[in-house]
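# Architecture and fold: a report
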Amino acid sequence: MTTATSPRALEHPARDQIRLEAVLHALADPVRLRIVRDLARERGELSCSYFDLPVTKSTTTHHFRVLREGGVIRQTYRGTAKLNALREGDLEALFPGLLDAVLTAAGAQAVRENTPEPPAV
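Residues numbered from 1 in each chain as written. Predicted model: local features only at pLDDT ≥ 70, side-chain atom pairs only at ≥ 80, totals over all residues. Heavy atoms only, no water.

### Topic: helix α1 (residues 20–28)
- Looking at α1, one finds that the buried residues are V23, A26 and L27. Taken around the axis of α1, the buried residues stretch over an arc of 95 degrees, which confines them to a single face. Across α1 from its buried face, at more than 90 degrees, point the exposed residues E21 and A28.
- In the core, the buried residues of α1 are packed alongside α2 (30–42), α3 (57–69), α4 (88–94) and α5 (98–114). (Buried < 20%, exposed > 50% of the residue type's maximum accessible area, 1.4 Å probe, protein only. Helix = DSSP H or I, 4+ residues; strand = E, 2+ residues; numbered from the N terminus. Arc of directions from axis to C-beta. Contact = heavy atoms within 4.5 Å.)

What follows is the structure, given as structure tokens:
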């Protein structure tokens, strides 16, 4: 892992340290997957306060930490805000097509879950 040089610098794995198992673990949780979907949709850096998650602040912090330590996102401080961005380039270089496949599958699942069942015949 890269080492933090100041209290406001956050540790992130270098590209060659990102493991498939850690990425899959990070993406397996519905709340974390929601964060990743939002980041992919917005295509930029988003502050932690952007996300309206159905969990406590401490649990939200945990989810962002798992995503960061898994190599899925990069977090940086800008003033008092902590900004989050997908590490799309790193993930694509290491695991071609994985992020796109997961996001496509998550989108299809969301559509299925929001579509009412057809009436029984």
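Additional details are given in the paragraphs that follow.
### Details of empty space enclosed by the protein
- Tallying each qualifying case throughout the model produces one cavity of 30 Å³ or more.
- Here the largest cavity is characterised by a volume of approximately 30 Å³.
- As for the largest cavity, its lining consists of V23, L27, L91, F95, L98 and L99.
- Secondary-structure elements contributing two or more residues to the lining of the largest cavity are α1 and α5.
- Considering only residue class, the lining of the largest cavity consists of six nonpolar, no polar and no charged. (1 Å grid on protein atoms, 1.4 Å probe; cavity = no way out; pocket = protein on both sides within 12 Å on 5 of 7 lines; lining within 4 Å. Points joined across faces, edges and corners; volume = space filled by probe spheres on them. Nonpolar A, V, L, I, M, F, W, Y, C, P; charged D, E, K, R; others polar.)

### A few points about the pattern of salt bridges
- All chains considered together, the criterion is met by eight salt bridges.
- With a closest N to O distance of 3.4 Å, R41 and E42 form a salt bridge.
- With a relative accessible area of 51%, R41 lands in the exposed category.
- The partly exposed category is assigned to E42, whose relative accessible area is 37%.
- Between E45 and R78 there is a salt bridge, and its shortest N-O distance comes to 2.9 Å. Of this pair, E45 sits in the loop between α2 and β1 (46–47) while R78 sits in strand β2 (residues 73–78), and the two are 33 residues apart along the sequence.
- Looking at E45, the relative accessible area reads 39%, which means it is partly exposed.
- Connected through salt bridges with shared partners, the residues R15, R87 and D90 form a single ionic network. (Salt bridge = Lys/Arg side-chain N within 4 Å of Asp/Glu carboxyl O.)

### A short note on the packing of α2 against α3
- Packing of α2 against α3 brings their axes to within 10 Å, and their N-to-C directions diverge by 70 degrees. Here α2 lies roughly perpendicular to α3, going by the angle between them. Seen along the crossing, α2 lies across α3 with a hand that is right-handed. Only H62, H63, F64, V66 and L67 of α3 make contact with α2, whose side of the interface consists of V31, R32, I35 and V36.
- In the contact of α2 with α3, the residues fall into six nonpolar, two polar and one charged. (Axes fitted to C-alpha atoms, helices over the stretch in contact; angles between N-to-C directions. Parallel < 35°, antiparallel > 145°, perpendicular 65-115°, else oblique. Left-handed = near helix turned anticlockwise from the far one by under 90°.)

### Details of the layout of surface pockets
- Estimates place the volume of the largest pocket at around 250 Å³.
- Taken together, 15 residues make up the lining of the largest pocket; nearest its centre are C48, K57, T60, T61 and F64.
- With six residues, the top contributor of residues to the lining of the largest pocket is α3.
- Tallied by class, the residues present in the lining of the largest pocket amount to six nonpolar, five polar and four charged.
- Roughly 160 Å³ of internal volume is contained in the second largest pocket.
- Along its surface, the second largest pocket is lined by P30, L33, R34, R37, D38, A106, Q109, A110 and E113.

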